[in-house]
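Residues per chain are reported as follows:
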Amino acid sequence: DAGITQSPRHKVTETGTPVTLRCHQTENHRYMYWYRQDPGHGLRLIHYSYGVKDTDKGEVSDGYSVSRSKTEDFLLTLESATSSQTSVYFCAISDRKQGAGYGYTFGSGTRLTVV
Amino acid sequence: SQQGEEDPQALSIQEGENATMNCSYKTSINNLQWYRQNSGRGLVHLILIRSNEREKHSGRLRVTLDTSKKSSSLLITASRAADTASYFCATGNTGTASKLTFGTGTRLQVML
């Protein structure tokens, strides 16, 4: 999607290894979000950021950490991957709280498989 | 837990028919949004309705909001095969500052 890029697009990793997913935006938006999508659960918020070095937890933050050292990059780290973290991960950006302007813009997702 | 719950979970219609999806939520909101997701892709923002609005239109989309019933509906008129996708409602809740909470989605299939 224009203005937001997630990497990698696909990853297979072993249980117990650390994994970092990257979200990069060129829109200079203040707000960035990490969601995971699983069948039957829809999208659930992991962590979000409301500015450089300003982050907060979402509803499913256990086992995940984030960092935002620059406006354009929001990193999601699985400290020690578990099979329950197999999922599709989406990054989203917004220039206003709660997407109040034009909604969120989503990346194309990262499909992570933990074996 | 999910704030928004869509109904039905799945919907199959013929091209040219109208499709209606409903969303119920639990707490007070600032706004409610609808998104579409094509298979294997990210979500795309469709329309936003604020808590003080009752109805909004965008092309073939019509959204209604009833805050007294804590519910919203999305109507797609004259559906096309290209409308086949999953549709999600998302709520911006009062007091939660920056984030949206998404529902579990309705899978719409439009058949030729």
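See the structure above.
Described in the following lines is the structure provided in the data block. (Residues numbered from 1 in each chain as written. Chains lettered and ligands numbered in written order. Predicted model: local features only at pLDDT ≥ 70, side-chain atom pairs only at ≥ 80, totals over all residues. Heavy atoms only, no water.)

Describing the sheet that holds strand β8 (residues 71-76) of chain B
Residues and elements named next belong to chain B.
- If you trace the 5 strands from one edge of the open sheet to the other, you get β1-β3-β8-β7-β6, paired in antiparallel fashion. Both outer strands of the open sheet, β1 (5-7) and β6 (55-58), are each paired with one neighbouring strand and no more. The mean angle between the axes of side-by-side strands here comes to 20°, regardless of whether they run parallel or antiparallel.
- For β6 and strand β7 (residues 61-66), the ladder comprises 4 bridges, and the chain directions are antiparallel. What sits directly across from Lys 56, in β7, is Val 63. (Pairing = 2+ DSSP bridges. Helix = DSSP H or I, 4+ residues; strand = E, 2+ residues; numbered from the N terminus. Axes fitted to C-alpha atoms, helices over the stretch in contact; angles between N-to-C directions.)

What to know about the interface of chain A and chain B
- Contacts between chain A and chain B engage 26 residues on the former and 25 residues on the latter.
- Approximately 1,900 Å² of surface area, both sides summed, lies buried where chain A meets chain B, with 47% of it carried by carbon and sulfur atoms.
- At the junction of chain A and chain B, the tally comes to 0 salt bridges.
- Secondary structure elements with two or more residues in the side of chain A that touches chain B: β4 (31-38) and β5 (42-51) of chain A.
- Of the residues forming the side of chain A that touches chain B, the biggest block, 6 residues, is contributed by β5 of chain A.
- Residue classes in the side of chain A that touches chain B are distributed as 12 nonpolar, 9 polar and 5 charged. (Contact = heavy atoms within 4.5 Å. Buried area = accessible area lost by both parts, 1.4 Å probe. Salt bridge = Lys/Arg side-chain N within 4 Å of Asp/Glu carboxyl O. Nonpolar A, V, L, I, M, F, W, Y, C, P; charged D, E, K, R; others polar.)

A few points about the pattern of salt bridges
Residues and elements named next belong to chain A.
- Going through the model one piece at a time under the given rule, you end up with 7 salt bridges over all chains.
- Residue Asp 38 is joined to Arg 36 by a salt bridge in which the shortest nitrogen-to-oxygen separation is 2.8 Å. Take Asp 38 and Arg 36: they sit in the same class, and that class is buried.
- Here the salt bridges do not stand alone but share partners, grouping Arg 22, Lys 70 and Asp 73 into one network. (Buried < 20%, exposed > 50% of the residue type's maximum accessible area, 1.4 Å probe, protein only.)

Brief notes about the side chain of Gln 33 of chain B
- Position of Gln 33 of chain B among the secondary structure elements: in strand β4 (residues 29-37).
- Residue Gln 33 of chain B is classed as buried on the basis of its relative accessible area of 0%.
- Reaching out from Gln 33 of chain B, the side chain makes a polar contact with the side chain of Tyr 35 of chain B at a distance of 2.7 Å.
- Polar side-chain contacts of Gln 33 of chain B include one of 3.5 Å to the side chain of His 45 of chain B.
- Among residues more than four places away in sequence, those in contact with Gln 33 of chain B are Gln 98, Gly 99, Gly 103 and Tyr 104 of chain A together with His 45, Ile 47, Leu 48, Phe 88, Cys 89, Ala 90 and Leu 100 of chain B. (Polar contact = N/O pair within 3.5 Å; in protein donor to acceptor, adjacent residues only side chain to side chain.)

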